[in-house]
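A structural walkthrough
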Amino acid sequence: MPQPSPEFSSSVKLKYVKLGYQYLVNHILTFLLIPIMVGVLIEVLRLGPDEILKLWNSLHFDLVKILCSSFLIIFAATVYFMSKPLPIYLVDYACYKPPITCRVPFATFMEHAKIILRSNPKSVDFQMRILERSGLGEETCLPPAIHYIPPRPTMAAAREEAQEIIFSAMDSLLNKTGLKAKDIDILIVNCSIFSPTPSLSAMVINNYKLRSNIKSFNLSGMGCSAGLISIELARDLLQVHPNSNAVVISTEIITPNCYQGKERAMLVPNCLFRMGGAAILLTNRRWESRWEKYRLLHVVRTHKGADDKSYGCVTEEEDPEGKVGISLSKDLMAIAGEALKSNITTTGPLALPASEQLLFLLTLIGFKILNLNWKPYIPNFKRAFEHFCIHAGGRAVIDELQKNLQLSAEHVEASRMALHRFGNTSSSSLWYELSYIEAKGRMKKGDRIWQIGFGSGFKCNSAVWKCNRNIEPPRDGPWIDCIQRYPVRIPEVVKL
């Protein structure tokens, strides 16, 4: 006789035990308060109206005490509401969509590489192997200056690229929100490598004729995680400037970053980084909260720069021939993993449900204090967030985070598809991913989003958002002409 399979029934029972445990722990206060309230209600019904009236008449009220108590209650309530942080809302955002003329198919990229590096075929073969395994698609874009043979990374070309990306994203944001330029109170622009004088923030102020008392900031050299640093800066400024609007512009200018040497560690960015940018509107106006898309809950920043290996894993430097480029260390993924672990230790208590926090605490006590041979418990972040926006730095970055956080293919779909369609757009990649989720019609009221970014230094920054309303698929945006084709299957290796 065939033996019955006990695994299925036991797994089903275990599933319901887990669900029961999570529901119990997450609603423990409710379960404690209900019996108390029922007991009070039964006691009131037992006394009857005559007993209650007699008890009320037996109380002696002192007018002075009543006034003092009322004053203390009002004072405490005032202090509480005055010290409570202002809620920060994301009104809307806009992502730059490069023109078709800037597209760089694999064949074009490799043809240029063979001509530029014709004296070094090994470097050409290396770039081909990186591109085959990169996870990028055929529609990613590079700025016009990189299309020349050889490339022309001049200051003028870099400024033209910056104006094209920033002004296009800004125009789209103003059109979508109906915001007038004079209503912008705070402006923050982040771009890691290209830092001209006058600054990029000054360029925006000049083009849109913003107010003379605007609070403007220009962040540079902070890598791909600078977008979330800008969000945190905007949040802090909005806390001290009520009734204000803040615009954050995140981009990376590719023109001056084109490396034309033969050092392998510096050739990798050529294969991954592509054009992109985003403009985001934040506000602290409470009465507009029902119209905003998201509310900012938390921003957590982790900086591992005190460690020499972490500090030097992503650097801009010259090769032996004097050619400037971005060098990526072979230890980058291990360093990113350590930075993520540090970030999770802070994000977890802020976002995880009580059931996951309790399990993690009990496991930690057993492992650290009682010296039990327990396997470390990895919190289930899928119970804290419905959507994940992982920096699309490359296939390896997404693979590593999917493994460490035990995420499904659907949870990392937005990151993989953004990498495939637009490439590594640096700090703006998180917004292309969020736009993908919206374009798929998956964003519902109450959904929580976890954005995770990595950057040189080395930094791991994350932000937690909560969706304010059901979001319909937009009628414009970077995915409008291709969302129906996604998701696509991305092979491990694309043979060129």
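A quick note: this is a predicted structure, and the numbers were derived from the prediction, not measured. (Residues numbered from 1 in each chain as written. Predicted model: local features only at pLDDT ≥ 70, side-chain atom pairs only at ≥ 80, totals over all residues. Heavy atoms only, no water.)

A word on the overall build of the chain
- Scanning the chain for helices and strands turns up 16 helices and 11 strands.
- Among the 496 residues that make up the chain, the fraction classed as buried is 46%.
- Carbon and sulfur atoms make up 61% of the accessible area of the chain, which totals about 26,000 Å². (Helix = DSSP H or I, 4+ residues; strand = E, 2+ residues; numbered from the N terminus. Buried < 20%, exposed > 50% of the residue type's maximum accessible area, 1.4 Å probe, protein only. Areas by Shrake-Rupley, 256 points an atom, 1.4 Å probe, with all protein chains shown as cover.)

Considering helix α4 (residues 106–116)
- Three or more residues of α4 are buried, namely F106, F109, M110, H112 and A113. Down the axis of α4, the buried set is contained in an arc of 160 degrees. They therefore lie on one face. Every exposed residue of α4 that faces more than 90 degrees away from the buried side is listed here: A107 and K114.
- Turning to α4, the residues buried within the fold contact α5 (121–132), α6 (144–147) and α10 (264–272). (Arc of directions from axis to C-beta. Contact = heavy atoms within 4.5 Å.)

Topic: the sheet that holds strand β11 (residues 459–467)
- Strands sit in the order β3-β2-β4-β5-β1-β6-β11-β10-β9 across an open sheet of 9 strands; the sheet is mixed. Of all the strands in the sheet, the pair left with one neighbour each is β3 (215–219) and β9 (387–390). Neighbour to neighbour, the strand axes of the sheet diverge by 25 degrees on average, direction disregarded.
- Strand direction decides the pairing type here: strand β1 (residues 88–95) and strand β6 (residues 294–303), joined by 3 bridges, are antiparallel. Its bridge partner lying in β6, L90 is registered against Y294.
- The sheet contacts of helix α7 (residues 155–177) involve β1, β4 (245–251) and β5 (277–283), and relative to β1 the element is tilted by about 125 degrees. (Pairing = 2+ DSSP bridges. Axes fitted to C-alpha atoms, helices over the stretch in contact; angles between N-to-C directions.)

Considerations on the confidence of the model for the chain
- This prediction gives the chain a mean pLDDT of 86; 89% of its residues lie at or above 70.
- For the stretch residues 1–17, pLDDT sits under 50, and the model shows 0 contacts to residues farther than four places along the chain or on other chains. (pLDDT = per-residue confidence, 0-100.)

Brief notes about the pairing of β5
- Counting buried positions over the 7 residues of β5 gives 7, a clear majority of the element.
- On β5, burial covers both faces: G277, A279, L281 and T283 on one face and A278, I280 and L282 on the other are all buried.
- Inspection of the sheet shows β1 paired to β5 by 6 bridges, in the antiparallel sense. Looking at β5, one finds that A94 is bridged to A279.
- In this sheet, β5 lies alongside β4 in antiparallel orientation, the contact comprising 7 bridges. Residue pairing in the sheet places T251 in a bridge with G277 of β5.

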